[in-house]
Amino acid sequence: MKKVTLINHPLVQHKLSFIRDKNTGSKDFRELIEEVAMLMCYEVTRDMPLEEIEIETPICTTKAKALSGKKVGIVPILRAGLGMVDGMLKLIPAAKVGHIGLYRDPETLKPVEYYCKLPSDIGERDIIVTDPMLATGGSAADAITLLKQRGAKSIKLMCLIAAPEGLEYVSEQHLDVDIYTAAIDEKLNDHGYIVPGLGDAGDRLFGTK
Ligand SMILES: O=P(O)(O)OC[C@H]1O[C@H](OP(=O)(O)OP(=O)(O)O)[C@H](O)[C@@H]1O
Ligand SMILES: O=c1cc[nH]c(=O)[nH]1
Ligand SMILES: [Mg+2]
């Protein structure tokens, strides 16, 4: 199994509690997801390569560090993954954003694809797939398969809450993908929702319930 990293920074955990709370409305829910995504992005990009450059401070010339030109692609799984994009773009403004539209059929719980638009140089980018919820893992696994079919070679998955079932499924299907999550919850219920979870992330973000 590839690495699963639990991001248990106190700020992330604190904000996640308010995200889970059913009394948190859409405005606060959106803002908190954006903030947590930014904090998580800091960890997910920890292995970005650096190179040495020369700069001039007001005092003298010195060697300094800069990101070594490795390009990043952020790929949210629509809809809910969109909520994590702006926070990440604040830290990596040069990243390009691809979109994969999937919804989970409520009867079969299988993902259904309805949209895909990716940067043309996807194979040269470090891809971070975002989706707050990793439940059965079907949506994330299909999105990653699609990315690989389109040429992506370096892929990480970033979610907020993962069920053990989803972690196992994605890890089995994609041995080469590291997964980052802020929580590993107990289980799925009979409708495929994460317990305790946060409910339906897309509906809470966009007020569609
Ligand atoms: O791991 P899985 O069992 O596949 O479930 C997780 C998926 O379900 C949710 O999306 P949903 O189908 O509700 O679409 P939405 O984001 O448009 O609401 C969620 O955002 C994930 O994409
Ligand atoms: O708990 C869950 C499971 C799938 N999708 C969600 O939005 N929430
Ligand atoms: Mg939804």
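Computed from a predicted structure; not experimentally measured. (Residues numbered from 1 in each chain as written. Chains lettered and ligands numbered in written order. Predicted model: local features only at pLDDT ≥ 70, side-chain atom pairs only at ≥ 80, totals over all residues. Heavy atoms only, no water.)

A. Just the packing of helix H1 (residues 10-20) against helix H2 (residues 26-44), in detail. Running from N to C, H1 and H2 cross one another at 155°; their axes reach a closest spacing of 10 Å. By the angle between their axes, H1 is roughly antiparallel relative to H2. As for how H1 packs across H2, the hand of that crossing is left-handed. Touching Leu11, Val12, Lys15, Phe18 and Ile19 of H1 are Phe29, Leu32, Ile33, Glu35, Val36 and Leu39, all from H2. Among the residues forming the contact of H1 with H2, the class breakdown is 9 nonpolar, no polar and 2 charged. (Axes fitted to C-alpha atoms, helices over the stretch in contact; angles between N-to-C directions. Helix = DSSP H or I, 4+ residues; strand = E, 2+ residues; numbered from the N terminus. Parallel < 35°, antiparallel > 145°, perpendicular 65-115°, else oblique. Left-handed = near helix turned anticlockwise from the far one by under 90°. Contact = heavy atoms within 4.5 Å. Nonpolar A, V, L, I, M, F, W, Y, C, P; charged D, E, K, R; others polar.)

B. Structural context of the site of ligand 1. In the neighbourhood of ligand 1, 15 residues make up the surrounding shell, with Arg79, Arg104, Asp131, Thr136 and Ser139 lying closest. Alanine 135 is positioned with one of its backbone polar atoms (N or O) 2.9 Å from an oxygen atom of ligand 1. At 2.8 Å from an oxygen atom of ligand 1 is found a main-chain nitrogen or oxygen belonging to glycine 137. Protein chains shield 91% of the accessible area of ligand 1, which is 500 Å² for the free molecule. When atom positions are compared with the pocket grids, ligand 1 is found to occupy the largest pocket. Those elements giving two or more residues to the shell around ligand 1 turn out to be strand E6 (99-104), strand E9 (133-134) and helix H4 (138-149). (Near = heavy atom within 4 Å. Polar contact = N/O pair within 3.5 Å; in protein donor to acceptor, adjacent residues only side chain to side chain. Areas by Shrake-Rupley, 256 points an atom, 1.4 Å probe, with all protein chains shown as cover. 1 Å grid on protein atoms, 1.4 Å probe; cavity = no way out; pocket = protein on both sides within 12 Å on 5 of 7 lines; lining within 4 Å. Sits in = over half its atoms within 2 Å of the grid points.)

C. Seen up close, the site of ligand 2. Taken together, Arg104, Met133, Ala135, Gly192, Tyr193, Ile194, Gly199, Asp200 and Ala201 make up the full set of residues adjacent to ligand 2. The separation between a nitrogen atom of ligand 2 and a polar main-chain atom of glycine 199 is 2.7 Å. Contact distances for ligand 2 include 2.8 Å between an oxygen atom and a backbone N or O atom of alanine 201. Structurally, ligand 2 is housed in the largest pocket.

D. Region of the structure containing the UniProt feature "binding site: uracil" (unreviewed entry) in the chain. When the UniProt feature table is mapped onto this chain numbering, "binding site: uracil" (unreviewed entry) sits at Ile194, Gly199, Asp200 and Ala201. The annotated residues named above include Ile194, Gly199, Asp200 and Ala201 as those lining the largest pocket. In this structure, glycine 199 sits in the loop between strand E15 (194-195) and helix H6 (201-206). Setting aside residues up to four positions removed in sequence, glycine 199 forms contacts with Met133 and Tyr193. (UniProt positions renumbered as here; feature names shortened; annotations may be inferred.)

E. Fine view of H4. A rise of 1.5 Å per residue sets the reference length of H4, with its 12 residues, at 16 Å; its end C-alpha atoms lie 16 Å apart and thus fit the reference within 8%. Listed as buried for H4 are Gly138, Ser139, Ala140, Ala141, Ala143, Ile144, Leu146 and Leu147. Of the residues flanking the end of H4, it is glycine 151, one or two places downstream, whose phi is positive at about 110°. (Expected span 1.5 Å × (residues − 1). Buried < 20%, exposed > 50% of the residue type's maximum accessible area, 1.4 Å probe, protein only.)

F. Looking closely at the environment of methionine 38. Position of methionine 38 relative to the elements: it lies in helix H2. Note on methionine 38: relative accessible area 27%, which makes it partly exposed. Each C-alpha atom of the pair methionine 38 and isoleucine 122 lies 22 Å from the other, and the pair is 84 residues apart in sequence. Ignoring sequence-local partners within four residues, the contact set of methionine 38 consists of Gly87, Lys90 and Leu91.

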